[in-house]
Amino acid sequence: MPQRDDLRAAFFEECEDLLAQMGDGLALMSDAADTPELETLHSVFRAVHSIKGGAGAFGLNGLVDFAHAFETVLDLMRSGRLSIGSTGMPTLLRAYDVLSDLVAAARDGVTEPSSMAAILVELDILADGGGADEEDIEFVPVPLDLSLPFASPVEPEPAPLGYMIAFAPSAALYLAGHEPAALLRALVRLGSARVIPDTDEVSPLAAFDPGSTALRWQLELSTCASRDEVDAILDTVSHLADVMIAPLVTHAAGMEEEASTQSRPSLPDQVPSEPGPIASLAMSNSDPVPVMEARVKGMDAAPASPIRGQPEATPVQMPVASTIRVNLDRVDRLINQIGELVIMEAMLSQAITNAQIEDGGDIANGLEGIKNLAASIQESVMSIRAQPLKPVFQRMQRITREAADATGKSVRLQTIGEGNEVDKTVIERLVDPLTHMIRNSVDHGIETAERRRSVGKPAEGLITLSAAHRSGRVIIDITDDGAGIDRARVRQIAEERGLVAPGAHLAPSDIDNLLFMPGFSSKEEVSALSGRGVGLDVVRREIQALGGRVTIQSVPGQGTTFTIALPLTLAVLEGMLIDVGGETMVLPLSSIVETMRPASVQVQYLGRAARMVASRGALIPIIDLAESFGFDPVGPLEQAILIIVEYDADRCVALAVNQIHDQRQVVIKSLEDNYGDVPGISAATILGDGRIALIIDPEEIVQSAAAESLALPHVANG
Amino acid sequence: MRQMLIEHTPDQSDVVSFRIGDQDYCIDIDVVREIRGWSPTTVLPHSPPHITGVINLRGTVVAVVDLAARLGLPQTVPTPRHVVIIVSVNSQTVGLLADVVSDILGIDEGSVKPVPDVGPDPTRAFITNLITHDDGRILRKLDMDKILPRSAGGQPS
C-alpha cells in the first residue's frame, strides 16, 4: 500500500526530528544531571512518547517495548519520584543510542541492535530506584513483561486505589449530544464505583428551566486503572463540563483531599472544591508541573501533591521553526539558473558597452540593480543548501560515548557553535573525518582517569567541538584536554617507519604534522578503536577533498587541538584567475600561500631542467603550469609569475604562470557529468563573458609532475 | 549567436544530416537537443585531438567533439560558420562539431544499407549504416556510442 508507505516514511522523518529533540534535551540534562529542568524532561519524555505512539501504529513492537521502558524511567523522573543523578545519566544516553538504532533498524528492516536487552535491564534497574542494590542485578536479566500497555513496571502490584471524580456538565454538553449516563457507565467499568448525584441545585418543579443544567455527580471510583485511562474517558467532554479528578487516598478522604484539576483556568466557582494554596499556585504558575500520580502510596503524597498542568495523553510539540522538505534536485536546478542569470547579466552589460549607447545612465543603473539583485538571489539560494552543523555534532556525542566506553575512559564532549550553517554536502562528508578525529582524541588524547588525577586534572576528560564562521570559511576545532602529543615518541616512530631521516632537524610543529603522514599510527598496541590502519592521513585527504585544510596544535600536558577550515559551500569557490599559456584558469585561493616575481628572487637550477626558488628559508620546486597541461611553456621565468601553493601539510610548490588576472568567487561546474576526469583539473566554472575556465587541482599537478620526472627534488624543509 | 531549435517529432526514422568535408553524415533526430553556431571553446589539457574543448551551454559544461578528427579526417579549423550539434545520449550531453547542417530527412526502411566491407578505414568503426538518398547522396549514419567520449569518472577516450 503506497499510502501506508508514505505514512511510514513520514513517521521515520518525524522520528529523526524527535530524536534530535531528545538529543538536545539529554545534552542539557547531562549538564545538570542532579537537577534536570522539568521542561527539558518533558520534552524528552514527549519525544519518546511520540515515537512509541507512532511505532505502535505501525506495529513495530520492539520499538514500542523499548520506548515504553524508556518512557517509564523518564516519567518517574519528571514526576519527581526518581532522581537518577549523574550515575544514571550514561544509561539514559545509551538508551537514547539504542532507541536511535531501533528506529533505524525498523526503518531499514534490519535486526534490532544486540545492546537492546542490556539497556532494557539497565532502565529497569533505574526504574527500580536508581539501581542502589547491587544484588538486584542477579535477577534483573528476567525480561520485563511489557505486554500490558500501561502497566507500570515500577510497581508490580499497584494498590487498588481510585479517584474521586466531580462531574458537572454544562448545557453545552447536552447540546452536543453527550449522555452523562454513558460517561459514568464507562468510568464505572474501570473498577467499582459509587455514584452520588448532587441534586442541590435542582430547582423545584414550578421553577424548572429545561435550558439550565443543575444535576451534578460525584463518583468514588475504586480502580487500578491509570490516570490516563480515566482522562481518556473524560477528555472528550472536558471542555463541556467541569471535571475534577482527585486521587482517592482512602475512601474516607474524598473531596477534602487536595485536588488536581484538569480544567481550564476559567474554573467556575460553583464546582465544589477546596481552592486553597494549591489552586492559587496553579494560577501563578503557567509552567507545566509534574503531578503525583494516584499510585503513590501513603500519606506523604498528599501534602506535596502538585498540580497536574498538562494532560499526559496528548504530547505537545515544542515550537519548531516551520520548514518544508524540498527535493535537492530542485534546489540545485535553482542554483544553476541563478548562475545563468549572473552570466547573462555580465553578457548584457558587455553588449551594452559594445553598443556604445550615448546617454546610458539609466541603462547602467538598471544593470547595476540587476547585478545586485542577482547576487542577493544567489546568496539566498545558496543558503537553502546550508544546514546547521548540529546533527553532525549530535552524532559526535554518541561517538564520544562509545569511544569512551571502549577505552574505559570517562570523557565528556562539549559542543559550541553547532548552529553554524554549512553546505549540506559538506556536512554529509564531514561525518567520517570528524568521527575519526573524535575517536582519535578519546583514544590517544585523553589519558586514563588515574593518570589524569595524578597530574591534577579532573578524572573526566573534556573534548570540545566548536564551530565558528571566519572570513567565508567555517572553522571547526576539536580540542581535548589530554596529554598532548608525545613528540619524542612520535619522532621515534616516524624514524622507525622510515618516514623521516634519523636525527633530522624537525621543529615541534613538523613533528606534530608527522601524524598526518600515511602509515603512521602512534599507539603502541593496536587498539580496537582507532587502530584500523586508517590514520589521520585519511582524515586529511577527506578534508582536502572538501576544499578544506586540517592543522594541529599541541601543548604537552594540556592537550591537542585539531583545526579544520572548510569552505561554506561546494558550489562556490574563492579563486584566483590566472593566465596559463593563453587560457584563463582558476586556482583555488585556499591553497595559495603567496605570489612572487621570480625576477626579484633567486631561481636555482638543479640538473638540466629542474628549477627551485628560495622562499623563507625553504627551497621550493617550480612547476611550469602551461607545460604540465601540455600547452606551450611559459618561457623565461623572468616574465612569469610564481604562485606558491600548499599541496600537502606544509609542503609547497611554486607554479609558474603567465599572468594573474583577478580574484573572485566562481561557481563550480562539474566536468565529469559530460566529459570525464581531466588530470590536474578539479572542475570548471563559467566566467562573466560566458566562457568556461578550468579550476586547477594543485595536488594533482604536483603528483603528475612527480610521476613524470622522478628527479623532482623533495625539499620541504631546508 | 546563431541558434536554431529543431521540432521534436515522434517519428523514429527522422535523421539530421550534416556535412563534414565533402561527405554527408547523419544521426537520429531523437538524440539531437539543439544546433548552434560555433563559439570559442576552452581547451582541455591532456585531451585527445578530437576534443576541441568545452563550451557553456546555459550553465552546463559541454565537451565539443570535432567529428572530422574523430572520424580520422583532417582536424577542423573551426570558424563561426561551423555548427555544433548538441546531442544527449545516456544522460551525457556533448556537442558535435560539423561543417554545416544540411537537412532533416525522413528515412524509409528500404534505403538503409549495411556498410560494405571496405577494409580497415578508421572511419568505418563509427558508421552503423549507409542511407541512400533520392538525389544520389549517401548518408553515413554515425554510431553515437562510439563517437562520444567516455564519461563518469573514466578517462575520456
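Position numbers for residues count from 1 along each chain, tracking the sequence in the order it is written. Chain labels run from A onward and ligand labels from 1 onward, assigned in the order the entries are written. With the structure being a predicted model, the display of local features is reserved for residues of pLDDT at least 70 and the display and counting of side-chain atom pairs for 80 or more, all residues being used for whole-chain, interface and lining totals. Hydrogens and water are ignored here; the side-chain numbers use all heavy atoms of the structure.

Looking now at the overall build of chain B. Within chain B one finds 2 helices and 12 strands. Going along the chain from the N terminus, every DSSP run of H or I of four or more residues is numbered as a helix, and every run of E of two or more is numbered as a strand. Ordered by position from the N terminus, the helices and strands of chain B form the series β-β-β-β-β-β-α-β-β-β-β-β-β-α. For chain B, the residues scored as buried account for 50% of the 157 residues in total. Reported accessibility uses the Shrake-Rupley method at a 1.4 Å probe radius. Residues are deemed covered only where the shown protein chains occlude them. Surface exposure of chain B reaches about 7500 Å², of which carbon and sulfur atoms provide 53%. Burial status follows relative accessibility: with a 1.4 Å probe on protein chains alone, a residue under 20% of its type maximum counts as buried, one over 50% as exposed, and anything between as partly exposed.

So, on to the overall build of chain A. Each helix and strand counted, chain A has 20 helices and 23 strands in total. For chain A, with 718 residues in total, the buried portion stands at 45%. Taking the contacts inside chain A whose residues are at least 6 apart along the sequence as the reference set, 68% of them involve residues at least 24 apart. Contact criterion: two residues are considered in contact whenever any of their non-hydrogen atoms come within 4.5 Å of each other.

Residue and element names in this part refer to chain A. Aromatic rings from Phe, Tyr and Trp, with only the six-membered ring used for Trp, were paired whenever their centres fell within 6.5 Å, and each pair was classed as stacked if the ring planes differed by under 30 degrees, edge-to-face if by over 60, and tilted otherwise. Under the defined criterion, the tally for this structure stands at 4 aromatic pairs over all chains. Taking the centre distance of 5.1 Å and the plane angle of 55° together, the rings of F11 and F12 count as tilted. Like F11, the residue F12 is buried in the burial classification.

The next thing to look at is the pattern of salt bridges. Residue and element names in this part refer to chain A. The working definition used for a salt bridge is a side-chain nitrogen of Lys or Arg within 4 Å of a carboxyl oxygen of Asp or Glu. If you walk through the whole model with that rule in mind, you get 22 salt bridges over all chains. Measuring nitrogen to oxygen at the nearest pair gives 3.4 Å for the salt bridge that ties R412 to E460. Residue R412 is found in strand β7 (residues 411–416), and its partner E460 is found in the loop between α15 (449–454) and β9 (461–470); the two are separated by 48 residues along the sequence. You can call R412 partly exposed: its relative accessible area is 33%. Overall, the relative accessible area of 35% leaves E460 in the partly exposed class. With its nearest N and O atoms 2.8 Å apart, the salt bridge here joins D481 to R452. In this pair, D481 sits in the loop between β10 (473–480) and α16 (487–496) while R452 sits in helix α15, placing the two residues 29 residues apart along the sequence.

On to a nonpolar patch on the surface, then. Side chains of A:Y174, A:V202 and A:L215 sit close together on the surface and give an oily, nonpolar patch of about 230 Å² of accessible area. Within the secondary structure, A:V202 is located in the loop between β2 (192–198) and β3 (216–222). Patch members must show over 30% relative accessible area and no salt bridge, and they are joined within 9 Å when carrying like charges or within 5 Å when they are nonpolar side chains of Val, Leu, Ile, Met, Phe, Trp or Tyr.

Moving on: the nonpolar core. Membership of the largest hydrophobic core comes to 77 residues, with the highest contact counts inside it found for A:I578, B:F18, B:I27, B:I85, B:V87, B:L96 and B:L142. With 6 residues, strand β19 (residues 641–648) of chain A is the single largest residue contributor to this core. Not counting chain neighbours up to four residues away, the residues in contact with B:I27 comprise B:V15, B:V16, B:F18, B:V32, B:I85, B:V87, B:L96, B:L142 and B:M144. Here the nonpolar core consists of buried residues drawn from Ala, Val, Leu, Ile, Met, Phe, Trp, Tyr and Cys, with membership extended through side-chain atoms lying within 4.5 Å.

We now examine the confidence of the model for chain A. All names here are of chain A. Residue-level confidence of the predictor is summarised by pLDDT, bounded by 0 at the bottom and 100 at the top. Residues at a pLDDT of 70 or more form 78% of chain A, whose mean pLDDT is 74. Within chain A, helix α10 (residues 301–304) has the poorest average pLDDT of any element, 40, and strand β23 (residues 692–696) the best, 91. Ignoring residues within four places in sequence, the model shows residues 251–318, a span with pLDDT below 50, making 105 contacts including any to other chains. Taken as a whole, residues 523–533 scores under 50 in pLDDT and shows 13 contacts with residues more than four places along the chain or in a different chain.

Residue and element names in this part refer to chain B. In spatial order, the strands read β9-β2-β3-β12-β11-β10; together these 6 strands make up an open sheet with mixed pairing. Looking at which strands have only one partner, the edges of the open sheet turn out to be β9 (100–106) and β10 (112–114). Ignoring which end each strand starts from, the neighbouring axes of this sheet average 35° apart. Strand direction decides the pairing type here: β10 and strand β11 (residues 127–132), joined by 3 bridges, are antiparallel. Strands qualify as paired when DSSP identifies two bridges or more between them. In this analysis an axis means a line fitted to C-alpha atoms, helices contributing only their contacting stretch, and an angle means the value between N-to-C directions, from 0 to 180 degrees.

A few words now on the side chain of B:T93. Along the chain, the position of B:T93 falls in strand β8 (residues 92–98). Look past the residues within four positions of B:T93 in its chain and what remains in contact with it is A:N674, B:L57, B:V62, B:I86, B:V87 and B:S88.

To continue, consider the pairing of β23(A). Residue and element names in this part refer to chain A. Of all 5 residues in β23, 5 are buried, a share of seventy percent or more. Burial of β23 is two-sided: the residues I692, L694 and I696 facing one way and the residues A693 and I695 facing the other way are all buried. Sheet analysis places strand β14 (residues 583–588) next to β23, joined by 2 bridges and oriented parallel. Across the sheet, residue V586 finds its bridge partner in β23, namely I695. What sits between the antiparallel neighbours strand β22 (residues 681–686) and β23 is a turn of 5 residues, in which G690 has the positive phi angle 90°.

Another aspect to go through is the sheet that holds β22(A). All names here are of chain A. Here we have 5 strands laid out as an open sheet, ordered β21-β13-β14-β23-β22, and mixed in their pairing. Two strands lie at the open edges of the sheet, namely β21 (659–667) and β22, each paired on one side alone. Going across the sheet, the axis of each strand differs from the next one's by a mean of 35°, ignoring polarity. Pairing geometry for β22 and β23, over 5 bridges, is antiparallel. Bridged to I681 within β23 is I696.

Now for the confidence of the model for chain B. When pLDDT is averaged across chain B, the result is 81; 87% of the residues are at 70 or more. Counting contacts from residues 151–157 of chain B, a segment whose pLDDT is below 50, to residues more than four positions away or on other chains yields 23 contacts.

Here we take up unusual backbone geometry. Residues and elements named next belong to chain B. Residues other than glycine seldom take positive phi values, yet H46 does so here, at roughly 60°. Mapping H46 onto the fold places it in the loop between β4 (32–37) and β5 (51–57). Phi at S91 is positive, roughly 60°, even though this residue is not glycine. Tracing the backbone shows S91 in the loop between β7 (83–89) and β8.

This brings us to the interface of chain B and chain A. Taken together, the contact pairs 31 residues of chain B with 26 residues of chain A. A buried area of about 2200 Å², summed over both sides, lies between chain B and chain A, and 57% of it is on carbon and sulfur atoms. Here the quantity called buried area is the total loss of accessible area, with a 1.4 Å probe, experienced by two parts when brought into contact, counted for both. The largest share of the area that chain B buries against chain A comes from B:P45, B:H46 and B:V61, three residues that together contribute 28% of it. Applying the counting rule to chain B against chain A returns 0 salt bridges. N or O atoms within 3.5 Å of each other form a polar contact, as long as, within protein, one can give a hydrogen and the other can take it, and as long as residues adjacent in sequence are counted only when both atoms are side-chain atoms. Taken together, the connections running from chain B to chain A amount to 3 residue pairs in polar contact (both at pLDDT 80 or more). Of all the elements in the fold, those that place two or more residues in the side of chain B that touches chain A are β5, β6 (60–66) and β8 of chain B.

Here we take up the environment of A:R78. Residues and elements named next belong to chain A. Topologically, R78 is positioned in helix α3 (residues 61–78). Residue R78 is classed as buried on the basis of its relative accessible area of 10%. Spatially, the C-alpha atom of R78 lies 9.0 Å from that of E39, the residues being 39 residues apart in sequence.

Residue and element names in this part refer to chain A. Between its terminal C-alpha atoms helix α2 (residues 38–57) stretches 28 Å, which fits the 28 Å expected from 20 residues at 1.5 Å a residue. Counting buried residues along α2, 15 of its 20 residues qualify, which places the element largely inside the surrounding structure. Downstream of α2 by a residue or two, G59 has a phi angle that is positive, lying close to 70°. Helix span, expected: 1.5 Å multiplied by one less than the number of residues in the helix.

Here the focus is the environment of A:P247. Secondary-structure assignment places A:P247 in strand β4 (residues 241–248). In this structure A:P247 comes out as buried when scored by relative accessible area, which is 17%.

For the rest of this paragraph, the subject is the pairing of strand β16 (residues 603–606) of chain A. Residue and element names in this part refer to chain A. Pairing analysis gives 4 bridges linking β16 to strand β17 (residues 610–615), with the strands arranged antiparallel. The residue bridging L606 from the neighbouring strand is A610, located in β17. A loop of 3 residues connects β16 with β17, the two strands running antiparallel in sequence, and G607 in this loop sits at a positive phi of about 70°.

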